[in-house]
Amino acid sequence: MRDGRGVTIRLMLLLGVAITAVAYPALRIWDGRGHELPAASWGGVIVLAFMAFGVFFAGLPIRRFLRGRAKKPLNPLRAMRTLVLAQAAALTGALVAGWYLAQLLVLAPDLDVGSVRVLAVRLGALAAGGVLMSIAGLLTQAMCRVDKPDDGDGNTNNMENDREQPNHHDNH
């Protein structure tokens, strides 16, 4: 995130896979000792969807402003907070998806049992909710992106071009 690209799909996939890789063996041990998997409810799916839509709609005023279609000025602090919210949502969505995918993998051998299948559907919906939240975060992050201005020659104007370059042609 330091290079100016923000949260990337690669980072989110890495995070989701890492959580799945860590949680799966832990949940297998937990399940193997006769414990039930953590509770998973349809309410969680609703909360994840609500959060995803909230993050997305928080970015729309910034998008309108950057495209020159805003009717009122944009508070820069609000824009920054929206960007941070978008990045947090993208990363949290990846974590949530990885967590519920790990639980789904634990249940995979027993999917022929009806009650396990019902729980697997719920876990799949929760994992999809995490993915939805990640997508909303990435889209909102993209809405907050300010491209470098064009200097008229087709080149982007950046800090390196703005620095004064030493003049090697001076004869003292």
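This one's a predicted model, so the numbers in the text were calculated from it and none came from an experiment.

**Student:** How should I be thinking about the overall build of the chain in this particular structure?
**Tutor:** Per the secondary structure count, the chain includes five helices and zero strands. Listing every helix and strand of the chain by position from the N terminus yields α-α-α-α-α. Relative to all contacts within the chain whose residues are 6 or more apart in sequence, the contacts with residues 24 or more apart total 78%. By element, 62% of the accessible surface of the chain is carried by carbon and sulfur atoms, the whole surface being about 11,900 Å².

**Student:** How should the nonpolar core be read in this particular structure?
**Tutor:** If you look at soluble globular proteins, the nonpolar side chains tend to sit buried side by side. With 22 residues, the main nonpolar core has L27, Y100 and L126 as its most contacted residues. Counting only elements with at least two residues in this core, the list comes to α1 (9–32), α2 (42–66), α3 (76–107) and α4 (114–143). Discounting residues that sit within four places of it in the chain, L126 has contacts with A40, S41, G44, V45, L48, V96 and Y100. Listed in part, the six residues of the second largest apolar core include V7, M12, L91 and L138.

**Student:** I would appreciate a short explanation of the environment of I46 in the present structure.
**Tutor:** Within the secondary structure layout, I46 lies in helix α2. Along the backbone, I46 and L126 are 80 residues apart, and their C-alpha atoms lie at a distance of 9.0 Å.

**Student:** I tried to follow the confidence of the model for the chain on my own but got confused; where do I start?
**Tutor:** Caution applies to low-pLDDT regions: their predicted coordinates should not be interpreted in detail. Per-residue confidence for the chain averages 87 on the pLDDT scale, and 84% of its residues sit at or above 70. When mean pLDDT is taken per element in the chain, α3 scores highest with 96 and helix α5 (residues 159–162) scores lowest with 42. Across residues 156–170, confidence stays below pLDDT 50; counting only partners more than four residues off in sequence or on other chains, it has nine contacts.

**Student:** What exactly am I supposed to notice about a positive patch on the surface here?
**Tutor:** On the surface, a cluster of positive charge is contributed by R63, R64, R67, R69, K71, K72 and R78. You can see R63 is positioned in helix α2.

**Student:** How do you make sense of the side chain of T20 when you look at a structure like this?
**Tutor:** Along the chain, T20 falls in helix α1. Not counting residues within four places of it along the chain, the set of residues in contact with T20 comprises P25, G98, L101, A102 and L105.

**Student:** Hey, could you run me through the packing of aromatic side chains in this one?
**Tutor:** On inspection of all chains with the given rule, the structure shows one aromatic pair. Their ring planes at 80 degrees and their centres at 5.5 Å tell us that F56 and F57 sit as a pair that is edge-to-face. Given the relative accessible area of 24%, F56 is considered partly exposed.

**Student:** Honestly, α2 in this entry has me stumped. Any pointers?
**Tutor:** Helical periodicity: at 3.6 residues per turn, an α-helix aligns residues three or four positions apart in one direction. The end-to-end C-alpha separation of α2 is 37 Å, in line with the 36 Å expected for 25 residues at 1.5 Å each. Taking the largest bend as the criterion, α2 deviates by roughly 25 degrees, centred on L60, and proline P61 comes between one and four positions later. When α2 is considered as a whole, its buried residues turn out to be V45, L48, A52, V55, A58, G59, L60, P61 and I62. On its buried side, α2 packs onto α3 and α4. G68 occupies a position one or two residues after α2 and carries a positive phi of about 80 degrees.

Reading the values: rules and limits
Residues numbered from 1 in each chain as written. Predicted model: local features only at pLDDT ≥ 70, side-chain atom pairs only at ≥ 80, totals over all residues. Heavy atoms only, no water. Helix = DSSP H or I, 4+ residues; strand = E, 2+ residues; numbered from the N terminus. Contact = heavy atoms within 4.5 Å. Areas by Shrake-Rupley, 256 points an atom, 1.4 Å probe, with all protein chains shown as cover. Core = buried A, V, L, I, M, F, W, Y, C linked by side-chain atoms within 4.5 Å. Buried < 20%, exposed > 50% of the residue type's maximum accessible area, 1.4 Å probe, protein only. pLDDT = per-residue confidence, 0-100. Patch = residues over 30% accessible without salt bridge, like charges linked within 9 Å, V, L, I, M, F, W, Y side chains within 5 Å. Salt bridge = Lys/Arg side-chain N within 4 Å of Asp/Glu carboxyl O. Lys, Arg positive; Asp, Glu negative; His and termini not counted. Charge placed at Lys NZ, Arg CZ, Asp CG, Glu CD. Phe/Tyr/Trp six-rings, centres within 6.5 Å; stacked < 30°, edge-to-face > 60°. Expected span 1.5 Å × (residues − 1). Bend = angle between axes of the 7 residues up to and from the residue.

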